Amino acid sequence: MSDTPDKSVSEDLSQSDAKDLVDKHHWLRFFRNEFDKESDRAAVILTAAMLDETLKDLLEAHLVPCSSSDDPLFDGANAPIGTFSARIECSYRLGLISKNFAKCLHITRKIRNAFAHDVAGCKFTSHSVASRVRALRQATGAPESSGKEDLSDPRASFCYITGYFMWKIKQNMDKISQLSEDRSLCCNFKHEEQQKEA
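Here the structure is a predicted model, which is why all the values come from computation and not from measurement.

Participant: Can you walk me through the pattern of salt bridges in this structure?
Facilitator: Close approach of charged atoms lets side chains of opposite charge pair. Within this structure, the stated rule accounts for four salt bridges. Two residues, Asp 40 and Arg 155, come together in a salt bridge whose shortest N-O distance is 2.5 Å. A residue pair is termed long-range when its members are at least 10 positions apart, and Asp 40 in helix H3 (residues 40-62) and Arg 155 in helix H7 (residues 154-172) qualify at 115 residues. Here Asp 40 matches Arg 155 in class, with each residue buried. We note a salt bridge from Arg 87 to Asp 52, for which the minimum N-O separation is 2.8 Å.

And the structure:
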């Protein structure tokens, strides 16, 4: 399968748009092909883990860099941004993702939790999972089909939508501006005096 978009599509696109489309097709194909080999449980848990790690990358790209190799915000048992849920909320509250994107990621997280904790064997065909995938489709406006792929199937729909999430975050990573300490509050009396004199 080629990594370039169809000529009929790419003729009307700028070079940048065409590259974005190629990247999007790459991620959607990657998710479809990679996770077709996995059980439902493995596909969901791996997808959620990848999204979790991508949100961590997004947050690290925005926050003031940590001076040590172990970042206390992300690493360790009591890390305040160490969970998927916390990373979703923090990304939203910092304005890195929209409220709707956060809602969709929380639905994805709930699907992950269902597969991780239901020892009896959760499946995409179960009512609660299929219902959450429908909620994802409604919230994202995902199409009923994509090319030859029927997205009415909950598993295919889940992989397509979460592949889109991954592409969307990675596509915008270089647009994130990193915070710096330049405008941070200071607690140094001498610094305060120097500012008054200036």
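Participant: Quick question: what am I supposed to make of the environment of Asp 52 here?
Facilitator: Mapped onto the elements of the fold, Asp 52 is located in helix H3. Counting along the chain gives 30 residues from Asp 52 to Gly 82, while the straight-line C-alpha distance between them is 9.4 Å. Setting aside anything within four residues of it in sequence, one finds Asp 52 in contact with Thr 83, Phe 84 and Arg 87. One polar contact links Asp 52 to Arg 87, side chain to side chain, over a distance of 2.8 Å.

Participant: How do you make sense of the side chain of Arg 137 when you look at a structure like this?
Facilitator: Here Arg 137 is to be found in helix H6 (residues 127-140). Overall, Arg 137 belongs to the buried group, its relative accessible area being 14%. Reaching out from Arg 137, the side chain makes a polar contact with the side chain of Ser 157 at a distance of 3.5 Å.

Participant: Explain the confidence of the model for the protein here, please?
Facilitator: Low pLDDT means the predicted coordinates in that region are not meant to be read closely. Averaged over all residues, the pLDDT of the protein equals 82, while 82% of them reach at least 70. Helix H1 (residues 7-10) is the least confidently modelled element of the protein, averaging 32 in pLDDT, while helix H4 (residues 84-93) averages 97, the highest of any element. Confidence drops under pLDDT 50 across residues 1-18; counting only partners more than four residues distant or on other chains, this segment forms 13 contacts.

Participant: I'm lost on the nonpolar core in this one. Help?
Facilitator: Counting 38 residues, the largest nonpolar core has Leu 105, Ile 111, Leu 136, Phe 158 and Phe 165 as its most contacted members. Those elements that place two or more of their residues in this core are helix H2 (15-36), H3, H4, helix H5 (99-117), H6 and H7. The element that contributes the greatest number of residues to this core is H5, accounting for eight residues. Not counting the four nearest positions on each side in its chain, Leu 105 is found in contact with Leu 51, Leu 55, Phe 84, Ile 88, Ile 97 and Phe 165.

Participant: Can you walk me through empty space enclosed by the protein in this structure?
Facilitator: Remark: the empty space left among the atoms is shown by a probe the size of a water molecule rolled over them. Summed over the entire model, instances satisfying the criterion amount to one cavity of 30 Å³ or more. For the largest cavity, the calculated volume is near 40 Å³. Considering the residues around the largest cavity, the lining is formed by Leu 28, Arg 32, Glu 149, Ala 156, Cys 159 and Tyr 160. If you list the elements that add at least two residues to the lining of the largest cavity, you get H2 and H7. At three residues, H7 tops the list of elements feeding residues into the lining of the largest cavity. Tallied by class, residues from the lining of the largest cavity come to four nonpolar, no polar and two charged.

Conventions adopted
Residues numbered from 1 in each chain as written. Predicted model: local features only at pLDDT ≥ 70, side-chain atom pairs only at ≥ 80, totals over all residues. Heavy atoms only, no water. Salt bridge = Lys/Arg side-chain N within 4 Å of Asp/Glu carboxyl O. Helix = DSSP H or I, 4+ residues; strand = E, 2+ residues; numbered from the N terminus. Buried < 20%, exposed > 50% of the residue type's maximum accessible area, 1.4 Å probe, protein only. Contact = heavy atoms within 4.5 Å. Polar contact = N/O pair within 3.5 Å; in protein donor to acceptor, adjacent residues only side chain to side chain. pLDDT = per-residue confidence, 0-100. Core = buried A, V, L, I, M, F, W, Y, C linked by side-chain atoms within 4.5 Å. 1 Å grid on protein atoms, 1.4 Å probe; cavity = no way out; pocket = protein on both sides within 12 Å on 5 of 7 lines; lining within 4 Å. Points joined across faces, edges and corners; volume = space filled by probe spheres on them. Nonpolar A, V, L, I, M, F, W, Y, C, P; charged D, E, K, R; others polar.

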